[in-house]
Structure formats: C-alpha cells, structure tokens
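Overview (structure and organization)
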Amino acid sequence: MNEEKTNLPELEALRKDLDALNNRLAKVESLLLQLKGQRVVPGKSELPEEEAIDIKFPFQSKGSIEYGIGEYGMAWIGNIVLFFGLIFLVNYLQNSGSSLTAAAVGFCSVALVYVSSYYTRKSLSVLSKLLVFNGHLLLYFFTLRLHFFQETPLIQNKILGFILPVVVSAVILYIAFRKESQFTAVLSLLMLIATGVFYDVVGVVSGVAAIAAALTVFLYYRFGWIKLTFAFIFIIYLAHLTWLLNDPFMGHNPEFIASPGSGYVYFIATGFIFSFLALIPKREEVSNEFIISSIIWNGIGFTILLAAIVVTYFAENYVPIFSAITVLCILWAVILKLRSQIKIIASMYVLYGFLALSVAIFGILGLPKSYGLFALQSLLVVSFALWFRSRFMIIMNTILFLVLLIFFIQSKSFNDLTNFAYMLVAFISARIINWKKKRLNIKTEFVRDIYLVAGFAMTLVAFYHVSPPSYITASWIFAGILFFLMSLLIKNIKYRWLAIATMVVSAIRLIFFDMASVNIGYRVLVFLGLAIISITVSIMYTKYLVKKKE
C-alpha cells in the first residue's frame, strides 16, 4: 500500500508531461496544415513572386518530360512568338504610313499582355510571369520606336524620345525593387544602357553607363545580388568601349572617335563607383572572395579602357590623369583601411595608386631618369605596408622592385645616384622587414633574403661604376669590410655571408682580371690587403668556434 502511494506522484507527473507533449504536437499539426494551405515548404524562405521563374526548361516538372515541355517549354515558345508577332504587326502598320495607329496598336497590345498576365496569375502562374516580362520588353521597344529607328518618327524631338524609354526603364526598375526581382532589375538596367547607346552621343552614353554603375552598386547594397553585380561590371565597361569605338551599334565604322569629350570623366567616375563595393557592409551570403574578385574585375576593365584612352588621346598629356588617380586611390585606400571589413582591398588600392604614380613619374622624367625615383617609391610602399599591416603589399612590392631592377640593369643606363639608391633601398627594406616582421605577419626569411641579394648585387654594380677601373677590386674589398662591420653592429649572420661573398668575388676579379691590367705595385698592395683581411676573418672565426666549444 505504501509502495502505491509513493508511485502515485510519479504517475501524475508522467501524465502531465504526456498531456503537454500532446498539446505541442497538436500545435505543430495545425501549423503544418496552415503551411500546406499557403503552399509554402517548411525550412525554405519564400521567394518573391517574380523570382520563381526558372530560365531553364525544368523537364522533371511533375515527374515527366512531357509535363515540363508542355507547361514551361510551350509557354516560352508562345511568348517568344507573341513578342515577334506583335513587333511585325506594328512594323507593318508603321510601313503602311500610319505611325500613330502603329503606336496605338503597340501600346494597346502591351496593355492586353499585362491584363492577361494579371488574370492568369493564379491558374497559370508560369505563363503569367512570362507574360509580365514579355510586356516589359514590348513596352520598352514600342516606346523606343517613337523616335529611334524611324525615318519619320512620331516624336521628332530627340531629347523627348530619349527621356521616354529612360522613364520606362526607371518604372521597371521600381517594380524590380518592390518585388525584389533580380531578373527584372537586369532587364531595366539593360534597357537603360541600351537607351544611352541608341542616343549616340558620347557624353550621354558614358553618363548613362556611370548611372547604371551607381544603380548596380545600390542594388547590391540593398539586396546583395552578386550575379547581377559581376555581370554588369563587364556590361558597363562594354558600354564605355562602345562610345570609344564610335558606337558601332548605330551603324558607324568601329574606330576610335576623334575626341572623347567628357566621356573619359564619366569613365573614371565609373571605376570609383564600383570601388564602393569594398565599402558596403558584407552580407552573410556574400563571400570575401566575391568582393575581392569584383574589385579585381573592376580594376581589369578600368585599366584596359584607361590604357586605350590614354594611348589614343592623351599620349602627350597623361600626367594629370595618373596624378589624380594616384591621389584618389591613396585617399580611398585610407578610407578602406578605416572602414572596410576586408583589409587586403585597401592594400590593392595603395599598390594601384603607386603604379599610377610610376606612370606619372615616367611621363615627367622619362627613362632612365625615372629609375631612381622608382627605387625611392618602393621604399615608400614599404612604409605604407607597415601602416596598413599588409604582408600582401610587401610581397607585391618586392616583385615590382625586382622587375624594375631587372629593367634598369638591362637598360645599361647606369647612374651613380640611381645605383646607390637601389642598393640602399634594398638594404633598408630588408632591415625594416626584419624589424617589423611580426607587425607584417611575415613568417619566412625569403622576402628579406631577396632584398639582401638584390642589395648585394647593386653594391657590386654601384662600386664598379663609381670607381676607376684599377680601383674596382679595392672598392669591393672596402664594401666587404662594411658588411663585416654591419654584421657586428646589428649582430646578424646574413651580413657576414654578404661580406664573405664580396671577398670571394673580389678575389676572383683580382686573380682573373687585375693580374693582367693593373700595375705591379698596386697589384701587390691589393693582394696583401685581401690576404690580411681573409686571414684576419679566418682567425676571428677560429677563436669564435673555440670559445663556443668551451
């Protein structure tokens, strides 16, 4: 009896838990029934109505290829045929000499397409959505033909004929914004760019392209549409190339126009508009790789067209353009360093700015006078790398430094100041990298060793050209002594290796070159001096090893 009493509370608690579980299951069932009634699949976000269109033919719809072709394929074919049929009808009426009737029939047919789409939105959803897009295209086309592509246009004023298609594209863009439809946004932006191209004026085409770039960046900011953004970076630069090549879409010969006018200003503005992609707060679904790729994609398009514009129109006066690009890139890099979530992009803009500065320096001084400033500029990039804590900037600057050094040596236009500039910049850069390698997150000695080897080579070159022929070997021996003293001062083994290498090179030159060309007195002094230095170094190393063993 006592045992039954002790079990009763446990049974009562179990009964309450079962009742609570039953209530929860009932709520879950009611929610599932509601979701089923709304035709929403649990676990998936509901897409906007316009985005439900699949461009591909889903042959597996309803488990059958037949149903896929019947529902989707025939709907596509029907809309394509309807589109061209209405265009042919309006063209026929236009050619018959009735422009007003043709326009009226065209816009009435567009209205019928929209009405048909509205009344079939529930029973024939796929067909209804395709009719909407068909209506957008027809509306734009018939509006465009009110002025363009007509011998006797209904609207004679070119500006008004341009404004109306722009308004249509703006309305469609507003619809895309309201319904969050990426496909509709693509249509509206294409319509806007096409309208600018059809206007066939350099300033208008380039200006519309810049506006399309700003809208693209805004849509990315608002909705995170990465595919649209990446595609329109290419399309917008293609629009700039169109006006640059005399707008061949309007029947002109594809050749560079006589003067770019204000077109290049809008082109430069386009490049910096797309640069705002790096400053926009990143969404979770957007990867860092996409943003970096888009910035690189923008840079490629910008650089190719900039080169074409400069070579064609500003071959004698490009310094102001590249100077302005330098200032803008450096300022933008500072802003990105403070605001952007992806720090490497700021380093990319710094490097691009200094590349532009190199072009400006070349335009002012030419070669070979520019090589010395190129070397000093490399040191300036290293200082920026320290500020930005950028390993990427150090690596890229190292590659650029080596390329410039190779071109300088191959040019054989040696100058004492330039020679010593490259030597000192190489050693100072190596020292800074070793001093601040934690700040730069450099875990290998490879980059520093490259600068040391470059500095060693330029040491030999610099002393070779600054010294008289009979004193070259002596000057190299003096450089070797400096390396030894430097190694003692900073207690670094790498400079001792440089000293030893310098002595070896000096000995080789002394034996194979100076034996036949230098007088006997000087030859004896050099031999004795090199022997004394070598023996002294050997004694120092021997004592060091003995002391180390003890």
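Read on for an overview of the structure. None of these values were measured; they are calculated from a predicted model.

**Observations concerning helix 8 (residues 226-244)**
Compared with an ideal rise of 1.5 Å per residue, which puts 19 residues at 27 Å, helix 8 spans 28 Å between its outermost C-alpha atoms and is within 8% of the ideal. Residues L228, T229, F232, I233, I236, Y237, A239, H240, T242, W243 and L244 constitute the buried set of helix 8. Looking at the buried positions of helix 8, the neighbouring elements they touch are helix 6 (182-199), helix 7 (202-223), helix 9 (263-274) and helix 10 (288-313).

**Some remarks on helix 9**
Taking 1.5 Å of rise per residue, 12 residues should cover 16 Å, and helix 9 covers 17 Å from first to last C-alpha, within 8% of that figure. When helix 9 is considered as a whole, its buried residues turn out to be G263, F267, I268, T270, G271, F272 and F274. For helix 9, the secondary structure elements touched by its buried residues are helix 7, helix 8, helix 10 and helix 11 (319-339).

**Some thoughts on the environment of S487**
If you trace the backbone, S487 turns up in helix 17 (residues 472-490). Put simply, S487 and W497 are 10 residues apart on the chain and 9.0 Å apart in space, counted from C-alpha to C-alpha. In contact with S487, not counting residues within four places along its chain, are N492, Y495 and R496.

**A closer look at the packing of aromatic side chains**
For the structure shown, the criterion picks out 35 aromatic pairs. An aromatic cluster of three or more residues is present, and its members are Y371, F374, F401, F408, F414, Y422 and Y451. We note K158 situated over the ring of Y199; from NZ or CZ to the ring centre the distance is 4.6 Å. Across the ring face of W435, the terminal group of K436 is positioned such that the distance to the ring centre comes to 4.5 Å.

**Observations concerning the side chain of S390**
Considering the arrangement of structural elements, one finds S390 in the loop between helix 13 (370-388) and helix 14 (391-411). Take S390: its relative accessible area is 5%, and that puts it in the buried class. The contact partners of S390, leaving out residues within four places of it in the chain, are S347, A385 and L440.

**Considering a nonpolar patch on the surface**
Together, I159, L160, I163, V167 and V171 make up an exposed nonpolar region whose accessible area comes to about 410 Å². Structurally, the position occupied by L160 is in helix 5 (residues 158-179).

**Here we look at the nonpolar core**
Core analysis: the largest hydrophobic core is formed by 120 residues, its most contacted members being F267, I345 and Y422. Per element, the largest residue contribution to this core is 10 residues, and it comes from helix 12 (residues 343-365). When neighbours within four sequence positions are excluded, Y422 is seen to be in contact with Y371, F374, A375, F401, L404, L405, F408 and M458. Counting 11 residues, the second largest nonpolar core, distinct from the first, contains F83, L86, V113 and L131.

**Details of the environment of F149**
Counting through the fold element by element, F149 comes out in the loop between helix 4 (125-144) and helix 5. Classification of F149 as partly exposed rests on a relative accessible area of 48%. Each C-alpha atom of the pair F149 and F198 lies 9.1 Å from the other, and the pair is 49 residues apart in sequence. Each residue touching F149, except ones within four places of it in the same chain, is listed here: L144, F198 and M250.

**Considering the layout of surface pockets**
Size it by volume and the second largest pocket reaches roughly 650 Å³. Around the second largest pocket, the lining is made up of 27 residues, and of these G299, T303, M348, Y352 and L355 lie nearest the centre. Those elements giving two or more residues to the lining of the second largest pocket turn out to be helix 9, helix 10, helix 11, helix 12 and helix 14. In terms of residues, the lining of the second largest pocket owes the most to one element, helix 10, which gives 11 residues. Residues of the lining of the second largest pocket, tallied by class, amount to 22 nonpolar, five polar and no charged.

Scoring rules and cut-offs
- Every residue gets a number counted from 1 within its own chain, in the order that chain's sequence is written.
- pLDDT decides what is reported in this predicted model: residues at 70 or higher carry local features, side-chain atom pairs at 80 or more are listed and counted, and totals for whole chains, interfaces and linings draw on all residues regardless.
- Hydrogens and water molecules were not included; the side-chain quantities draw on all heavy atoms of the structure.
- Here a helix means four or more residues in a row that DSSP labels H or I, a strand means two or more in a row labelled E, and each is numbered from the N terminus.
- What a helix should span is 1.5 Å times the count of its residues minus one.
- We call a residue buried when its accessible area falls under 20% of the maximum for its residue type, exposed when it is over 50%, and partly exposed in between, using a 1.4 Å probe and counting protein chains only.
- The contact definition used throughout considers only heavy atoms, calling two residues in contact when any of these lie within 4.5 Å.
- Classification of ring pairs rests on two measures: the distance between centres of Phe, Tyr or Trp rings, Trp counted by its six-membered ring, which must be within 6.5 Å, and the angle between planes, read as stacked under 30 degrees, edge-to-face over 60 and tilted in between.
- Only lysine NZ and arginine CZ atoms are considered, and such an atom sits over a ring when it is within 6 Å of the ring centre and within 35 degrees of the ring normal.
- Within this analysis, patches are made of residues with over 30% relative accessible area and no salt bridge. Like charges are joined at 9 Å or less; nonpolar side chains (Val, Leu, Ile, Met, Phe, Trp, Tyr) at 5 Å or less.
- Here the open area of atoms and residues is found with the Shrake-Rupley method and a 1.4 Å probe, where only the protein chains shown may cover a residue.
- Salt bridges are counted wherever a side-chain nitrogen of Lys or Arg sits within 4 Å of a carboxyl oxygen of Asp or Glu.
- Side-chain atoms within 4.5 Å are what join buried Ala, Val, Leu, Ile, Met, Phe, Trp, Tyr and Cys residues into a set we call a nonpolar core.
- Both cavities and pockets are sets of points on a 1 Å grid over the protein atoms alone; in a cavity a 1.4 Å probe fits but cannot get out, in a pocket the set is open with protein on both sides within 12 Å along at least five of seven lines, and lining residues sit with an atom within 4 Å of a point.
- Grid points are joined across faces, edges and corners, and a volume is the space filled by probe spheres set on the points.
- Three classes are used: nonpolar for Ala, Val, Leu, Ile, Met, Phe, Trp, Tyr, Cys and Pro, charged for Asp, Glu, Lys and Arg, and polar for all others, with Gly counted as polar.

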